[in-house]
Amino acid sequence: MLAQPPALEGNAPGRGAVGLLRGLLIHGLDIRVVAPRYAHAANGAVPADLPVEIVDVPMIGQTTRTQLERLRYPRGSLLRPLAQCVRELSSGVDVVHFDETETAWCNAGVSRPASLHIHFRTLRDRPVPPPWRHEFRFVAEYVAAEVVASRRYRFLVANSIEVGKSLRRLNRQATVTVAPFSLEPSHYPPAPVDGPPCAGIIGAGYWPPTATSIDRLVRRVWPKVHRAVPAARLLIAGRDTARLSRVSPAPPGVEYLGEVDAAAAFLSQLSLLLYPATRGSGVKVKVLEAMACAVPVVTTPSGAEGVAANAGIIICDSDEELAATAVRLLQDVHERRERGAEGRAVFLRDHSPGPATVPLVELFRHMAESAA
């Protein structure tokens, strides 16, 4: 069960779901998939080769009943519209896999072994706001969902060692499997990276780790880069990022593009991805997409989480290191090409659908055998 439809240009979980499902099919698994579709969401088109049953989920108003249900089932809005469908689809299968915490409650009445995939940890992604702010309830519900849902399952899945360790602390009886995040390689052709010097970042501006990264980049890192390479441009793209231009006005060389049609087309314009992540958990899809496009990445330890160390990613800590490294790459086409090629090779080795889903296939086999 997915939390949203698989789509090559959907949100991060939707993009990862394409790689997940294609990987399982590559390994010969017979899969049945159900995913909700919200009327207000930008879901994207589901690839025709994937066996997905889409269930339209209506918007539910805030009533006393729904608020009480959220206390009992945090992030459980899919329970009522989809639990029955999941029970019916799970009849006769060997194992059931739930992706993201909002799907966790739909295992009610499922008799087969079930696993839950938790992609990130909220408290590593954002600070806890004061209790009187609206965001506090949002953060509290996410945290509660992670804690309660992880203790509901015997088998847990994470995309990074760091998230996996945190899940083990929440549920010491669970089997925790770390499986690399996967994307479809054919959707990300290699970029030339030999054009005029151009750095960039892409992501959802409403997501706090992305917003804080863009703010750090525009205010503290890019001015240092621009002084050294006045001809360089910085492109900022992604849903809701145009709003950030009102918070961090564009200094010289910076362009806010807003939402773009395709991440790969945006990345093909860049010399490098410059991503000064200040916090965040789990794999950052923008980093994997840049690697897939053979675009070198300059980021921080948080930005590189869940990806094997390789020459395609240069990890820095301070603003000065980030800026100096970006300047060097913007001025050296040969180094950009070499590092980009290495990053793409590691992406294909670790994060293409076949290799990335090997740990999941082994987990599902173990789950099935444990129930036999």
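Refer to the preceding data block for the structure.
Residues numbered from 1 in each chain as written. Predicted model: local features only at pLDDT ≥ 70, side-chain atom pairs only at ≥ 80, totals over all residues. Heavy atoms only, no water.

## Observations concerning the pairing of strand β5 (residues 155-158)
Then step 1. Side-chain alternation along β5 places Phe155 and Val157 on one buried face and Leu156 and Ala158 on a second face that is also buried.
Then step 2. With three bridges joining them, strand β4 (residues 114-117) and β5 adopt parallel strand pairing. Across the sheet, residue His117 finds its bridge partner in β5, namely Val157.
Then step 3. In this fold, the crossover linking β5 to strand β6 (residues 175-178) by way of helix α6 (residues 161-170) has right-handed handedness. (Buried < 20%, exposed > 50% of the residue type's maximum accessible area, 1.4 Å probe, protein only. Helix = DSSP H or I, 4+ residues; strand = E, 2+ residues; numbered from the N terminus. Pairing = 2+ DSSP bridges. Right-handed = clockwise from strand over helix to strand, strands pointing away.)

## Focus: the pairing of strand β3 (residues 96-99)
Then step 1. Here β3 shows no split at all, with Val96 and Phe98 on one side and His97 and Asp99 on the other all buried.
Then step 2. By the bridge criterion, four bridges tie β3 to β4 in an arrangement that is parallel. In the strand pairing of β4, Val96 is matched with Ala114.

## What to know about the packing of helix α7 (residues 208-228) against helix α10 (residues 319-330)
Then step 1. α10 packs onto α7 with a crossing angle of 45° between their chain directions and a minimal axis gap of 9 Å. One finds that α7 runs oblique with respect to α10. When the axes of α7 and α10 are compared, the crossing they make is right-handed. Side by side, α7 and α10 meet where Arg216, Arg220, Val221, Lys224, Val225 and Ala228 of the first sit next to Asp319, Glu320, Leu322, Ala323, Ala326, Val327 and Leu330 of the second.
Then step 2. Its residues assigned to classes, the contact of α7 with α10 comprises eight nonpolar, no polar and five charged. (Axes fitted to C-alpha atoms, helices over the stretch in contact; angles between N-to-C directions. Parallel < 35°, antiparallel > 145°, perpendicular 65-115°, else oblique. Left-handed = near helix turned anticlockwise from the far one by under 90°. Contact = heavy atoms within 4.5 Å. Nonpolar A, V, L, I, M, F, W, Y, C, P; charged D, E, K, R; others polar.)

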